[in-house]
Amino acid sequence: MSALITDRTSIQFRMLNRSKGPAMWSPRAQCDRQRFSIEWRKVIEQTKNLYIWQEEAVRIILKNDEVKGVETSFGTRFLAGAVILTNGTFLNALMHVGFKKISGGRAGEKSSGGISDQLRELGFVVERLKTGTSARLDGRSIDFAAMTEQKSDEDEKCFSYMNVQNTIQDRRSCYITHTNEEVHKELKKGLKYSPLFTGKIKGRGPRYCPSIEDKIVTFKEKLAHQLFIEPEGRDTIEYYINGFASSLPLEVQLKALRKVRGLEKVEIFRPGYAIEYDFFQPTQLKHTLETKIVRNLYFAGQINGTTGYEEAGAQGLMAGINAVLKIRKQNGFILGRDESYIGVLIDDLVTKGIDEPYRMFTARAEYRILLRQDNADERLTEKGYKIGLAEKDRINVLLEKREMTTELINFLAKKSLKPEEINNDLRKAGTAEINQAVKAISIAARPQIEFMEFLKSIKGVEKLKMMSDDRMREIAEQAEIKIRYEGYIQREKMVAEKIKRLEELKIPEDINYGELLSISTEGRQKLTKIRPANIGHAGRISGVSPSDISILLMYLGR
Ligand SMILES: Cc1cc2nc3c(=O)[nH]c(=O)nc-3n(C[C@H](O)[C@H](O)[C@H](O)COP(=O)(O)OP(=O)(O)OC[C@H]3O[C@@H](n4cnc5c(N)ncnc54)[C@H](O)[C@@H]3O)c2cc1C
């Protein structure tokens, strides 16, 4: 085992239609069985190098300042070239419902001790954060007719560019309802028992997912807050109430919920709760997510102070890649702020640290014109391929898309359209008619023109029209973006290149900032603590001023 991930959950594999048994052998069941056996084989193939052990890791094994493995609660020792800690909200975790508090990392799951204390002794800064969740509702007791139905998106988008047909069957709707003054009155009565407002909870919570009690106090003037009632899955009667996280006592939560329209008779499966847990300031990490104090030890996920599934997943991926590269003695895999949201996330964490749970918002990225959903393949596929994470067929799909996009743009730049061919459509689209032949590209650039429809209406793009609808849409979308926004894209690329040059100015690892007395005291303290790898990184640290950077540049002989 080269990298070891401390995750107690094993791979869950859902047996399709198993309960029906051979007596129910229907075409659907047969199809499910075939799918099951194909998927099962795929799982076996894809996980053949994965060894799973379910137990609590209580200590990391060290030799000098390098990690060598982990030890579990039963004393089993696992030796590894690298270790990734992904303890989530479980380290010294406490769950609060009113003044009742119990040790636990999530409803029904125990807290984990040991590791935080050991790392603290090694010099790691360990702090506390808080998060929370809402009650889970019994769907049978909800009056959905009194709420507004929210159907799923009709226009499904896939994460994959590999032509995956992934139409989800039997989609279940969500429902919207609202709190009201009666609900707020019930909640206010419970505030004196709130662990949040009586100082029992010390950790800071996520600004963007406040509890309902937080909302009624912070936004006193609001008479109602929107709530989403969401099914927890396709085969369950359990519902999640989004927007009603709470750590108020159970009775208060229930009384308040029953004042919500549609929830007058609601029964709950479990109350909402808040949870406090240890996290490690992420400024203690390199951009590879390796810790600066212990070599080959990586941290990923909520223990780095983030909140949310996507943030955790992104870090897990990057820590995994980097742990393997480190073991293979290869360079780290770091994505730039202009290359991906993962790059922004990790750079923010390790450069600035956090003082409240960090959520990734598009607004945190400065190069939003470059970081688009439609060009994720363009930005990342080749990088993935180089480190062995993407197959050749993915590259081929990308190359074909690139080639077809260029071909389409070139064709539109050459093709002339006469007034009699196009004026009818221009009139319908509400844009000016032409009185002499013009290049198709100039018509395509007009904002009133629906690009796909335009393509379908002109002759010469038969090759494109022969492709599947999805593929044609992808290529047309790329061409459209390039035709309409190329100027903006290039301008942003230039700014990113300029900043990147600063990233290339490396700062020696053994630099003694204490000797650089011309740098401000705050600047010296922050640089000493964070030890940035390069000038670009140093410039983004809060408290390091432009004049501190000039001094640093002079010191580096620039
Ligand atoms: C109550 C609650 C509600 C949330 N709601 C949302 C939401 O609506 N949307 C959203 O995006 N995010 C939500 N989150 C956050 C999201 O669940 C987490 O950010 C994300 O799951 C963190 O992933 P992770 O891998 O860091 O940790 P986790 O998913 O918490 O996984 C940690 C795993 O490590 C195991 N573990 C811990 N310590 C040890 C040890 N010592 N030895 C062995 N195994 C160990 C645990 O058993 C667990 O399986 C919620 C979190 C909580 C607690």
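Use the structure listed above.
All values derive from a computational prediction rather than experimental measurement.

Notes on the overall build of the chain
Moving on, step 1. On a plain count of helices and strands, the chain comes out with 17 helices and 18 strands.
Moving on, step 2. In terms of overall dimensions, the chain has a C-alpha envelope of 75 × 70 × 60 Å along the principal axes.
Moving on, step 3. In the chain, buried positions account for 44% of the 558 residues.
Moving on, step 4. Long-range pairs, those at least 24 residues apart, make up 67% of the contacts in the chain with a sequence separation of at least 6.
Moving on, step 5. When the accessible area of the chain is evaluated, it comes to approximately 31000 Å², of which 53% is carbon and sulfur surface.
Moving on, step 6. On the chain, the mean spot of the 91 positive side-chain charges and the mean spot of the 77 negative ones are 1 Å from each other.

Focus on the pairing of strand S15 (residues 273-280)
Moving on, step 1. Within S15, eight of the eight residues are buried, leaving the element largely enclosed by the surrounding structure.
Moving on, step 2. Every second residue of S15 is oriented toward a common face, with Tyr273, Ile275, Tyr277 and Phe279 on one face and Ala274, Glu276, Asp278 and Phe280 on the other, all of them buried.
Moving on, step 3. In terms of strand pairing, strand S6 (residues 94-97) meets S15 through three bridges, oriented antiparallel. Each bridged residue has a counterpart across the sheet, and for histidine 96 the counterpart in S15 is alanine 274.
Moving on, step 4. Two strands pair when backbone bridges link them, and strand S8 (residues 126-133) and S15 are joined in this way by eight bridges, in the antiparallel orientation. Of the residues in S15, the one forming a bridge with glycine 132 is alanine 274.

Overview of the sheet that holds strand S11 (residues 174-178)
Sheet strands line up and pair through hydrogen bonds in the backbone, either parallel or antiparallel.
Moving on, step 1. Strand order across the open sheet formed by six strands is S10-S11-S12-S13-S9-S14, with antiparallel pairing between neighbours. The sheet is open, and its two borders are formed by strand S10 (148-150) and strand S14 (268-270), each paired with just one other strand. Shown here is a sheet whose adjacent strand axes are inclined to one another by a mean of 35°, direction ignored.

Some remarks on the site of the ligand
Moving on, step 1. Taken together, 28 residues sit near the ligand, with Ala57, Arg106, Ser112, Gln302 and Gly308 positioned nearest.
Moving on, step 2. A distance of 3.0 Å is found between an oxygen atom of the ligand and a backbone nitrogen or oxygen belonging to tyrosine 309.
Moving on, step 3. Look at the ligand: alone it shows 990 Å² of surface, and the protein chains cover 85% of it.
Moving on, step 4. Put simply, the parts of the chain that give the shell around the ligand at least two residues each are S8 and helix H6 (309-327).
Moving on, step 5. Of the residues that constitute the shell around the ligand, the class distribution is six nonpolar, 14 polar and eight charged.

Digging into the side chain of glutamine 253
Moving on, step 1. By secondary structure assignment, the location of glutamine 253 is in helix H5 (residues 250-257).
Moving on, step 2. A polar contact of 2.8 Å, which involves the side chain of glutamine 253, links it to the backbone nitrogen of glycine 272.
Moving on, step 3. Setting aside residues up to four positions removed in sequence, glutamine 253 forms contacts with Val97, Ala135, Phe244, Ser246, Ser247, Leu248, Pro271 and Gly272.

With respect to a nonpolar patch on the surface
Moving on, step 1. Taken together, the side chains of Ile369, Tyr485 and Tyr488 define a hydrophobic patch exposed on the protein surface, amounting to about 300 Å² of accessible area.
Moving on, step 2. With a relative accessible area of 43%, tyrosine 485 lands in the partly exposed category.

Describing the packing of H6 against helix H7 (residues 341-352)
For any two helices packed against each other, the geometry comes down to the angle between their axes and how far apart the axes lie.
Moving on, step 1. Where H6 contacts H7, the axes come no closer than 10 Å and their chain directions differ by 90°. The orientation of H6 relative to H7 falls into the category roughly perpendicular. Seen from H6, the contacting residues are Glu311, Ala314, Gln315, Leu317 and Met318; seen from H7, they are Ile342, Leu345, Ile346 and Leu349.

Details of the sheet that holds strand S4 (residues 77-79)
Moving on, step 1. If you walk across this open sheet you meet the three strands as S2-S3-S4, and the pairing is antiparallel. Looking at which strands have only one partner, the edges of the open sheet turn out to be strand S2 (57-63) and S4. Pairwise comparison of adjacent strand axes, ignoring direction, gives a mean angle of 30° for this sheet.
Moving on, step 2. Summarising the sheet, strand S3 (residues 66-72) and S4 pair through three bridges and their orientation is antiparallel. From the neighbouring strand, glutamate 71 faces S4, where its bridge partner is arginine 77.

Parameters at a glance
Residues numbered from 1 in each chain as written. Predicted model: local features only at pLDDT ≥ 70, side-chain atom pairs only at ≥ 80, totals over all residues. Heavy atoms only, no water. Helix = DSSP H or I, 4+ residues; strand = E, 2+ residues; numbered from the N terminus. Buried < 20%, exposed > 50% of the residue type's maximum accessible area, 1.4 Å probe, protein only. Contact = heavy atoms within 4.5 Å. Areas by Shrake-Rupley, 256 points an atom, 1.4 Å probe, with all protein chains shown as cover. Lys, Arg positive; Asp, Glu negative; His and termini not counted. Charge placed at Lys NZ, Arg CZ, Asp CG, Glu CD. Pairing = 2+ DSSP bridges. Axes fitted to C-alpha atoms, helices over the stretch in contact; angles between N-to-C directions. Near = heavy atom within 4 Å. Polar contact = N/O pair within 3.5 Å; in protein donor to acceptor, adjacent residues only side chain to side chain. Nonpolar A, V, L, I, M, F, W, Y, C, P; charged D, E, K, R; others polar. Patch = residues over 30% accessible without salt bridge, like charges linked within 9 Å, V, L, I, M, F, W, Y side chains within 5 Å. Salt bridge = Lys/Arg side-chain N within 4 Å of Asp/Glu carboxyl O. Parallel < 35°, antiparallel > 145°, perpendicular 65-115°, else oblique.

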